[in-house]
Each structure stands twice: as structure tokens, then as C-alpha cells.
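So the chains spell out like this:
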Amino acid sequence: MTVIEVDNVSKCYALHRQRDLLARRVTRNASPVRSEYWALRDVSIRVERGERLAIIGPNGAGKSTLLRLIAGVSTPTRGSIRVHGRVSALLALGIGLHRDLTGWENINLIASLMGMSETEVRNNLESIVGFADLEDFINEPVRTYSSGMTARLGFSVAIHANPDILILDEVLSVGDEAFRTKCKAKIDEFTNSEKTLLFVSHGLQTAVSLCTRGLWLHEGMVAAEGPVPEVVKTYRDFTKSGQLATHTGPSDPLSGRAGDLASP
Amino acid sequence: MNQTNPQIGAQSSPPVRAPQRFYGDPWFVLKNLVSKDFKVRYRNMSLGIFWSLVNPLIMMGVLTFIFSVVFTRNIPNYPLFLLCGLLPYNFFSQAWSTGTMSVVSNASLVKQLRFQRELVPVSVVLGNALHYVLQLGLLLIAIGIVVGVNVQWMWLPVVLSLQLIFICGLSLLTSALDVYHRDMRYVVQSVNTVLFWLVPIFYGFGDIPPNLVWLYELNPVAAVVLIMRRILLYAEPPGATLLKLAVASIIVAWVGHKVFARVEDEFSDYL
């Protein structure tokens, strides 16, 4: 079953927005020169239930934008996105944690915003704290936490929200080896139960070990997709040579995908 | 990077947004948002919520001094008369201005988590309402001792609910606009300053020149003050003013909700 359908999605951000004052808004037709930045260009992907998709690519390729759109916190400029099931998204390290509230108070807040009910939070509280390894600090304000502790808290709440689709944007990289191993085990357990994972990371090794399928985004377009080792290899070769070495797609980068290098 | 891309527009269909389905429990979210604001506000304070009682009392003291010593007025029970205007006005102005800023000040939640965003301004208004209810409770005790209890007090929950609906509607509207034009919060501040003088707080409706009464009748905040004095101090029924307040509140809430729902899609691009 297809749980995520992304069809011809483009996302445009207007630049120099700080100058977009009321006066300019009123006279917008008189001064149509506004610079735009297309973070995603005509991207289409399908994700099946149980798949673990790693999205790789250089900075500014549109990886986070794509995740934000799928998570529903942002909307596409063009195209359509359909997501079936409950989503938990860790789009950034802090994930809305309030620095002056204690870990315990933050768990309640974030968990409710991620869609957990009061009973669910109460029943899972010990498990959330235990998995994050924060028993000694749970009554301390989050501002005293290290970045690793923050990441652990966020991940623990997200996974306990029992989502059908888990979205992780570069949030495991600050955890230590022990925590990453723990997360990997939890994700394995999680995806075995027919759940879906979307994973963005610059740690290509983690991507290979964690995911089944790879998607390489380049300048907002799909450069390659397929089994994750092949996509990672193509991406690595490209990064080394500095150009699309095995490029077979259309030469005009704006006309769509830059080539399906590793599709089956 | 700065180029426009006409081909994207030409090739793709217009944006289709999947209907959002929320799995959360809105009451639990609301409870957590309200308690978050409460805890953040009173953390590291010695007197905490006590301040929400001290501020109106100080204001009452100053205004009583000015209008019974400097300008003499013959309004019986002037401090109580004053509080019947001051408390609803304070609630209105504080809830509205913090409500207006709420979406921007909760940017980290709005940008990263998908939930019913309407709950953000609503939770801020509810948080302010808790203070208001506490203040009203003390006012009722004072009026009960000095003037006496009367049966019209039963209208108080109705007035309170209408106030909540009205302020939530206004806050939904201005908090959404504040995301796109941060000037909105200063507009709200200015309107509040003007209203302090144009709502009959330290004067009564009888002092208003008859040819200007229609203007005051258009102001829902003035209507609340009028009703409060009628039911709490004078043992009179709220009359047609309550009906007008109800209509105004529901219209404002409907408009505020519509505007918020229409523009919230793009919040995260502007925060």
C-alpha cells in the first residue's frame, strides 16, 4: 500500500521578504520584480508502507523542504501530496522543546502536539523517560540539557507517539554511539511492524545501514532513486568527480529529473 | 539561484493540499499550552499569580484618587464601579495583545509540529481568562459585602462566555495577520490605548453626550462594561445589550476563524 504520494511537487520561497512591507504589498502589481527560490522542482515519489527511505544530497538540495511538506507543516507551491496515516516528524533537534520547562513538562506538551492522548502519555511516560535515559534530569529545565540529551528526548517522544510514518531530519547525528545503536534497534523494531521511515542524513553510512531505499535530491530535483547502496555510490562518485559522471538524463536541468541513475 | 522558473508553472497542476487529519486530542493540547504559558510566566517569581490581583488594585487606587479627590464625581461605590469596568477592559486588552503575538511567539511549535494551530491563540486567551475569573471572584466578594448579592449575577457566566468568544475571534484574526505583518501587534496596542479612554471605565454611560451614545453602542467592550454594572451593581437585567454582544461576538469569531484557516497554510514560510 502506498502511504506517501508526492506528485509533481514544487516549492517556491520568495527572497528578500523583509522588504515586503505593506506599501509594497499594496503596490505589488507596480513592482513585480521579486526574486524567487525554487527549493523543489517537479518532484514525484511514491513510498510504500514498510519502506525505509533515505533522502541524501548536498546542502540546499531540498531534502528538508521535502520532509516539511510531507510532515504537513508547509504546503507545496504546485503539485499535490497525499499522506495516509499518523505522522511523527522530528524536523529539527529542538523539536519545539521549551527551554524553561522541565523535561517532564516538555514531554506532555510535545507528545500532545504529536497526537498522543493524555492516557497514552501517562501510560508511556516511564518508557519515554527510560528510553531517553533522562531519569536523573527529568525535573530539570531543558536549557540545562546537552544537545545529545535534547535529541534523545525528542526521538523518544516521537517513537512513542506510535506513528505510521516516522520522519527524522538529521536528528540522530548528535547522539553518541550507544544511543544511535539503541535508535537503530528501535527503528528496526518499528519498521518491522509495517511502519514507514523517512530519513535525512549526511551520514551516508547510517543511511545505508538504516534504510532500504535511497533518494538523491540535487538542486530541488530527483537525481537518482533506487536501492540505497547504489544511490549512495552514485552520489559519492558524483561528489568526488564534481559532476554528474554517469549522467544519462536530459541535459536541461530544469526540464525535470536529472536522470534516473539507479532505478530498477 | 535567483531565477524564476516558468516551466514549473506551465507543466504542473495547481497545488492540491491533502485534507489534514489530526490525531491529537484538542483538549489535552489546549491544557498543555495553557499550563506552559502559566509555568513560563511564573517560573522564578516569588509572588506569581498574586501580581494579577495587585495590578488592577493599584490601578483602582490611582483612578479612585483622581476621580474622587482631584475631579469630584458623585458615583456611589466608586471603587467597585471602577473595577466593573477595569477588570473586563484589562482582560480584553491583555488577552487580545498577547493573543495577537501568540503565533509568532510559538513559532518553534508552529514550524515543526502539525497540530490545530487555532489552539495557540485560543490557549493564550484562556490563560488570561483564568486570571480574570480569579479577579472577578474577589470583585464578587467585595460587591456581595458592600452592595449585596442579587439574582442577576446568574448572567455572569453568559457574559463571560461571550467575552471569550469575542476575544478568541479577534485574536485568531490578528494573530494570523501578525505573522505576515508584525506591525499588527502595535496596531492592537494603539487600539487598546484608545479604548481605555473610549470605554466607560472611570465614567458612566450617563456621562456620554446623547448624540454619541450610538457610537458607544457599537463597541463590544463597552457593552460588556455596561452589562457588568447592570447585573453586578444595579441588579438590573442585561437587556438587549446582551443580544447585541452575542451577535457581535459570533460574527467576529466566525470571521476570525475563516481568516485564520485561510492563511495558516503559509505560516511556516513566514516564521
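As a reminder, the structure under discussion sits directly above these lines.
Figured I'd write up the structure that's included with this text. If you're wondering where the values come from, they're calculated on a predicted model, not measured in any experiment.

A few words now on the overall build of chain A. Tallying secondary structure elements over chain A gives 8 helices and 9 strands in all. For chain A, the residues scored as buried account for 54% of the 264 residues in total. Of the contacts made within chain A by residues no fewer than 6 positions apart, 73% connect residues no fewer than 24 positions apart. Roughly 11,200 Å² of accessible area belongs to chain A as shown, and the carbon and sulfur atoms make up 50% of that amount.

Residues and elements named next belong to chain B. The N-to-C vectors of helix α7 (residues 156-180) and helix α10 (residues 220-233) enclose an angle of 170°; their axes lie 11 Å apart at closest approach. Judged by the angle between their axes, α7 and α10 are roughly antiparallel. Mapping the contact onto sequence places Leu 156, Val 159, Gln 163 and Phe 166 in α7 and Pro 220, Val 221, Val 224, Ile 227, Met 228, Ile 231 and Leu 232 in α10.

The next thing to look at is the packing of aromatic side chains. Scanning the model with the defined rule gives 20 aromatic pairs over all chains in all. For the ring pair Phe205(B) and Tyr216(B), a centre distance of 6.4 Å and an interplane angle of 70° mean the geometry is edge-to-face. You can see Phe205(B) sitting in the loop between α8 (184-198) and α9 (213-217) and its partner Tyr216(B) sitting in helix α9, a full 11 residues away along the chain. Accessibility expressed as a relative area gives 14% for Tyr216(B), which makes it buried. Through a chain of ring-to-ring contacts, three or more aromatic side chains come together here, namely Tyr89(B), Phe196(B), Trp197(B), Phe202(B) and Tyr203(B). One Lys or Arg, Lys186(A), reaches over the ring of Phe131(A) and ends 5.6 Å from the middle of that ring. Geometry around Phe81(B) places Arg229(B) over its ring, the cationic atom sitting 3.6 Å from the centre.

Put simply, side chains in a regular strand alternate between the two faces of the sheet. Residue and element names in this part refer to chain A. Across the 13 residues of strand β1 (residues 2-14), 11 count as buried, placing the element largely inside the fold. Relative to strand β2 (residues 36-48), β1 runs antiparallel, the two being bridged by 9 bridges. Residue pairing across strands places Ile 4 opposite Val 47, the latter belonging to β2. Relative to strand β4 (residues 78-83), β1 runs antiparallel, the two being bridged by 5 bridges. Bridge pairing in β4 places Asp 7 opposite Ser 80.

Bringing the state of the cysteines into the picture now. Residue and element names in this part refer to chain A. The final tally for this structure, using the stated rule, is 0 disulfides over all chains. As a non-bridged cysteine, Cys 211 has Cys 183 as the owner of its nearest cysteine sulfur, 13 Å distant. On the basis of relative accessible area, Cys 211 is assigned to the buried category, the value being 8%.

Rules of the game
Residues numbered from 1 in each chain as written. Chains lettered and ligands numbered in written order. Predicted model: local features only at pLDDT ≥ 70, side-chain atom pairs only at ≥ 80, totals over all residues. Heavy atoms only, no water. Helix = DSSP H or I, 4+ residues; strand = E, 2+ residues; numbered from the N terminus. Buried < 20%, exposed > 50% of the residue type's maximum accessible area, 1.4 Å probe, protein only. Contact = heavy atoms within 4.5 Å. Areas by Shrake-Rupley, 256 points an atom, 1.4 Å probe, with all protein chains shown as cover. Axes fitted to C-alpha atoms, helices over the stretch in contact; angles between N-to-C directions. Parallel < 35°, antiparallel > 145°, perpendicular 65-115°, else oblique. Phe/Tyr/Trp six-rings, centres within 6.5 Å; stacked < 30°, edge-to-face > 60°. Lys NZ or Arg CZ within 6 Å of the ring centre and 35° of its normal. Pairing = 2+ DSSP bridges. Disulfide = S-S within 2.5 Å.

Remember, this is a structural readout, not a statement about activity or role.
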